[in-house]
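# Structural overview
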Amino acid sequence: MQESIKENLWVIQQRMAEACQRSGRSISHVRLIGVTKTVSSESIREGVEAGVGILGENYVQEAMKKMELLKDLPLEWHFIGHLQSNKARFAAGIFQLIHTLDRLSLARELNKAARRLDRKIAVLLQVNVGDESSKSGVQPHELTTLHREVSRMEGLHVQGLMTLPPYREDPEEVRPFFQRMRELLDGIRDRSQNPEDLKELSMGMSHDFQVAIEEGATLIRVGTALFGVRPLKTP
Ligand SMILES: *Cc1c(COP(=O)(O)O)cnc(C)c1O
């Protein structure tokens, strides 16, 4: 039998609280993002009524459609997918946080869009912490350079780091990658003039978010555990 989204959310919140307790962290420092790629606006509504306040979308066009359908709801929208440079100007205007800034050319596009919109765009730098060819993100040794360049861009506001670590059946085996992200964040903080601005670590998904929280995640991105298994294709 299909669990309801409300029940799923309750279970996730319990696990978030337990992970915080185990690691001596405050639950107020960990925010849940409901990942809604391919999820219908009806199901999203159910999630929002149950208490989900931030949505994470992977595709700009899909997100724009849902924003229109859900515009009556007080929601924060985050972009968590791979962002093509030609979509940067659309994304810049509609998301409160872009998690996946992974290259300088994209930073330049976003910065241009920010100027046009006359606002700052909040971004996270995506790190390919497992050095996997299938995944986006800078390699850990390239992070300092990307951070330095992006920090100079007037229109962008770097708030932290994001990663999609390698998948492991046993989430304990993902822990070293989360630890590495924490170290990388500390590293760019040490070199930053505004270290207090660098506070977000977006990491942890349905099967490993508890470990991610124990290692310092501030934003966890949960899809399947909340909305159920996704169909393979966008409806
Ligand atoms: C789909 C997706 C998630 C959520 O994955 P689940 O395993 O369904 O929780 C998180 N982050 C990103 C970037 C995703 O694309």
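Note: the structure precedes this text.
Residues numbered from 1 in each chain as written. Predicted model: local features only at pLDDT ≥ 70, side-chain atom pairs only at ≥ 80, totals over all residues. Heavy atoms only, no water.

## Describing the nonpolar core
- One finds Ile98, Leu101, Leu110, Leu156, Leu161 and Ile220 to be the most contacted residues of the largest nonpolar core, which totals 65 residues.
- Of all hydrophobic cores here, the second largest spans seven residues; its members include Ile54, Ala122, Leu124 and Leu219. (Core = buried A, V, L, I, M, F, W, Y, C linked by side-chain atoms within 4.5 Å. Buried < 20%, exposed > 50% of the residue type's maximum accessible area, 1.4 Å probe, protein only.)

## Quick word on the site of the ligand
- The environment of the ligand is made up of 13 residues, and the closest members are Lys37, Asn58, Ser206, Arg221 and Thr224.
- Contact between the ligand and Lys37: an oxygen atom at 2.6 Å from a side-chain N or O atom of the residue.
- In the model, a nitrogen atom of the ligand is placed 2.8 Å from a nitrogen or oxygen of the Arg221 side chain.
- Calculation on the ligand without its partners gives an accessible area of 380 Å², and the protein chains cover 89% of this total. (Near = heavy atom within 4 Å. Polar contact = N/O pair within 3.5 Å; in protein donor to acceptor, adjacent residues only side chain to side chain. Areas by Shrake-Rupley, 256 points an atom, 1.4 Å probe, with all protein chains shown as cover.)

## Points about the packing of helix H1 (residues 5–23) against helix H2 (residues 41–50)
- Interaxial distance between H1 and H2 falls to 9 Å at its minimum, and their mutual angle equals 50°. When the axes of H1 and H2 are compared, the pair comes out oblique. Pair H1 / H2 crosses with right-handed handedness. Every residue of H2 that contacts H1 at Ile5, Lys6 and Leu9 is listed here: Ser43, Glu46, Gly47 and Ala50.
- A breakdown of the residues in the contact of H1 with H2 according to their chemical character gives three nonpolar, two polar and two charged. (Axes fitted to C-alpha atoms, helices over the stretch in contact; angles between N-to-C directions. Helix = DSSP H or I, 4+ residues; strand = E, 2+ residues; numbered from the N terminus. Parallel < 35°, antiparallel > 145°, perpendicular 65-115°, else oblique. Left-handed = near helix turned anticlockwise from the far one by under 90°. Contact = heavy atoms within 4.5 Å. Nonpolar A, V, L, I, M, F, W, Y, C, P; charged D, E, K, R; others polar.)

## Notes on unusual backbone geometry
- Residue Thr38 is not a glycine yet carries a positive backbone phi of 65°.
- Note on placement: Thr38 falls in the loop between strand S1 (31–35) and H2.
- We classify Thr38 as buried; its relative accessible area is 13%.
- Located in the positive-phi region is Asp118, a residue other than glycine, with phi close to 55°.
- Residue placement: Asp118 occurs in the loop between helix H5 (104–117) and strand S5 (121–127).
- We classify Asp118 as exposed; its relative accessible area is 69%.

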